[in-house]
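What the coordinates show
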Amino acid sequence: MSDDPFHEAAEALRTIGRNVEPTGDDLGLWLVDGKQLCDADLLALTRLLGLLAGSETIH
């Protein structure tokens, strides 16, 4: 497992067949199946799909 939650989320999505790549221009943006997501949306998607556990606290 990675210490970086965003890369961990990307790997989790890849395990279910999603195409996930960083945009390259902005380290906080990802392409998921051709759609651009920010870091927060990437984490939200993996939590929505039940691939990663959510945070116990709300910031």
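First, a word on what this report is: a plain description of the structure on this page. All residue numbers refer to positions counted from 1 along the written sequence of the respective chain. At least 70 in pLDDT is required for a residue's local features to be given in this predicted model, at least 80 for side-chain atom pairs to be given and counted, and no such filter applies to totals for whole chains, interfaces and linings, which use all residues. Excluded from the side-chain calculation are hydrogens and water; included are all heavy atoms of the structure.

1. Remarks on the overall build of the protein chain
Counting from the N terminus, the helices are the DSSP runs of H or I reaching at least four residues and the strands are the DSSP runs of E reaching at least two. Helix and strand counts for the protein chain come out as 2 helices and 3 strands. Walking the protein chain from its N terminus toward its C terminus, one meets helices and strands in the order α-β-β-β-α. Burial classes follow relative accessibility: with a 1.4 Å probe on protein chains only, a residue under 20% of its type's maximum area counts as buried, one over 50% as exposed, and anything between as partly exposed. The burial tally for the protein chain puts 25% of its 59 residues in the buried class. Sequence-distant contacts in the protein chain: of pairs separated by 6 or more residues, those separated by 24 or more amount to 32%. Any two residues having at least one pair of non-hydrogen atoms within 4.5 Å are treated as being in contact.

2. With respect to the sheet that holds strand β3 (residues 35–38)
DSSP bridges decide pairing: two strands pair if at least two such bridges lie between them. If you walk across this open sheet you meet the 3 strands as β1-β2-β3, and the pairing is antiparallel. Unpaired on one side and paired on the other, β1 (20–22) and β3 mark the two borders of the sheet. Adjacent strand axes in the sheet meet at a mean angle of 30° when their direction is disregarded. Lying over the sheet, helix α1 (residues 5–15) contacts β1 and β2 (29–32), oriented at roughly 150° with respect to β1. Those strands touched by helix α2 (residues 39–48) are β1, β2 and β3, and its axis lies near 100° from that of β3. Axis lines are fitted through C-alpha atoms, for helices just across the contact stretch, and the angle between N-to-C directions can take any value from 0 to 180 degrees.

3. Overview of the packing of α1 against α2
Following both chains from N to C, one finds α1 and α2 inclined at 45°, their axes separated by 9 Å at the closest point. The pairing of α1 with α2 is recorded here as oblique in orientation. The hand of the α1/α2 crossing is left-handed. Residues P5, F6, A9, A10 and L13 of α1 form the contact with α2, whose participating residues are D39, L42, L43, L45 and T46. Of the residues belonging to the contact of α1 with α2, the class tally is 8 nonpolar, 1 polar and 1 charged. Small angles under 35 degrees read as roughly parallel and large ones over 145 as roughly antiparallel, with 65 to 115 read as roughly perpendicular and the rest as oblique. Take the far helix as your reference; a near helix turned counterclockwise from it by less than a right angle gives a left-handed crossing, and one turned clockwise gives a right-handed crossing. Throughout, the ten residues Ala, Val, Leu, Ile, Met, Phe, Trp, Tyr, Cys and Pro are labelled nonpolar, Asp, Glu, Lys and Arg are labelled charged, and all others, Gly among them, are labelled polar.

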